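Read off the chains here:
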Amino acid sequence: MHALRPVRVLAAAVLLLSASTVGLAGSGARTVEVRTRITIENPTAEPVTNLVLTLPAAAAEAGGQRLRGAPQRSVPTGVRMRPARGGITFEVAQVPPGETLVIEEVLVVELSAAQGSGVATRAAVGPVHERYLAAEPGVESDHPGISALARGAVAGAAGVDQQVEALLHAVVTHLDYGRTGAAEGALAGFEKGVGSCGTYASLFVAMARAVGIPARLVYGWADSGGLAGPLGPENRHAWAEYYHPDRGWVPVDPTFAERQRDLLFFDPAAHIAQGYEDVSHQASFGGRGLVTIRVEREVAAR
């Protein structure tokens, strides 16, 4: 049995932070398709057996976006599917020598109009789980330094939106953008003062929770100029949502906020959320053959 290994994601590169005034142009509501094509190839003369491939969801229900119906899939005979945490698992009993399997999926996503200060969202209002107020690894809201920074930021701010704006200002003031190569998280960013999107989002979520505002991380793809065409590793992104008692879950992007005049501005057309967990691509298989797996995803207007 071959060891568990990550799946390569092959797609065209797209520059993430491409404009000095990220997202300020805004956009209206629109509907897109997220298309996935999975190619599984056995180029050897030996069979591959018991292939198990787990992928993150192409898209999920989240602030600023809604799914329209179930995914449309084309799945070869002999390929089984089952839900996985934050994604889906495909199981293939055997990939014969020299054979190629192709799995395709189309998911329709409705994106709301861009929003900012004083703009209501369509998020549902309801009970909030206690987990979105609690500390957890990477979201160290109980750290004394993070708590003090958060309390100082919101002092004098009236209302949830004003407090969130103050927290975002504190995050972008405290952090400098940069890829450290180390694990990202709120405490690491707080102590080092540098990080990429995961650090910005984690520090914001930790600070929000520290002052009693429910918040959670969101994982997916983003591009400041709007998402269109192939989705590559450069599009991988993390942002956040906070809970407003009158409007439900509201998305914000702490990384993009550093280059925006309106810190609360969020453009769904520049984001596609995959979910609330950072799910990796994984594959395992047996037999004497070898397998090549390509996962290609793209966004297309509908």
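Residues numbered from 1 in each chain as written. Predicted model: local features only at pLDDT ≥ 70, side-chain atom pairs only at ≥ 80, totals over all residues. Heavy atoms only, no water.

Enquirer: I'm lost on the overall build of the protein chain in this one. Help?
Expert: Scanning the protein chain for helices and strands turns up 5 helices and 17 strands. When burial is assessed residue by residue, the protein chain has 50% of its 302 residues classed as buried. For the protein chain, long-range pairs separated by at least 24 residues make up 78% of all intrachain contacts whose partners lie at least 6 apart in sequence. Here the protein chain displays about 13,300 Å² of accessible surface, and carbon together with sulfur accounts for 52% of that area. (Helix = DSSP H or I, 4+ residues; strand = E, 2+ residues; numbered from the N terminus. Buried < 20%, exposed > 50% of the residue type's maximum accessible area, 1.4 Å probe, protein only. Contact = heavy atoms within 4.5 Å. Areas by Shrake-Rupley, 256 points an atom, 1.4 Å probe, with all protein chains shown as cover.)

Enquirer: Honestly, the pairing of strand 15 (residues 271–275) in this entry has me stumped. Any pointers?
Expert: A regular strand places its side chains so that they alternate between the two faces of the sheet. Counting buried positions along strand 15 gives 5 out of 5 residues, so the element sits mostly inside the fold. Two elements, strand 11 (residues 215–222) and strand 15, share 4 bridges in a ladder whose sense is antiparallel. Residue pairing for strand 15: tyrosine 219 is matched across the bridge by glycine 275. (Pairing = 2+ DSSP bridges.)

Enquirer: Help me out: how do you make sense of the sheet that holds strand 13 (residues 236–244) in this one?
Expert: Across a sheet, strands are paired by hydrogen bonds formed along the backbone, either parallel or antiparallel in direction. One open sheet accounts for 4 strands, arranged 14-13-11-15; its pairing is antiparallel. Of all strands in the sheet, those with a lone pairing partner are strand 14 (248–252) and strand 15, marking the two edges. Across this sheet, the average inter-strand angle for adjacent strands is 45°, counted without regard to direction. The pairing of strand 11 with strand 13 spans 7 bridges and is antiparallel. Note on strand 13: the bridge partner recorded for alanine 215 is tyrosine 242. Relative to strand 13, helix 2 (residues 160–174) is tilted by about 150°, and along the sheet it contacts strand 13 and strand 14. Sitting on the sheet, helix 4 (residues 197–210) touches strand 11, strand 13 and strand 14, and the angle it makes with strand 13 is about 15°. (Axes fitted to C-alpha atoms, helices over the stretch in contact; angles between N-to-C directions.)

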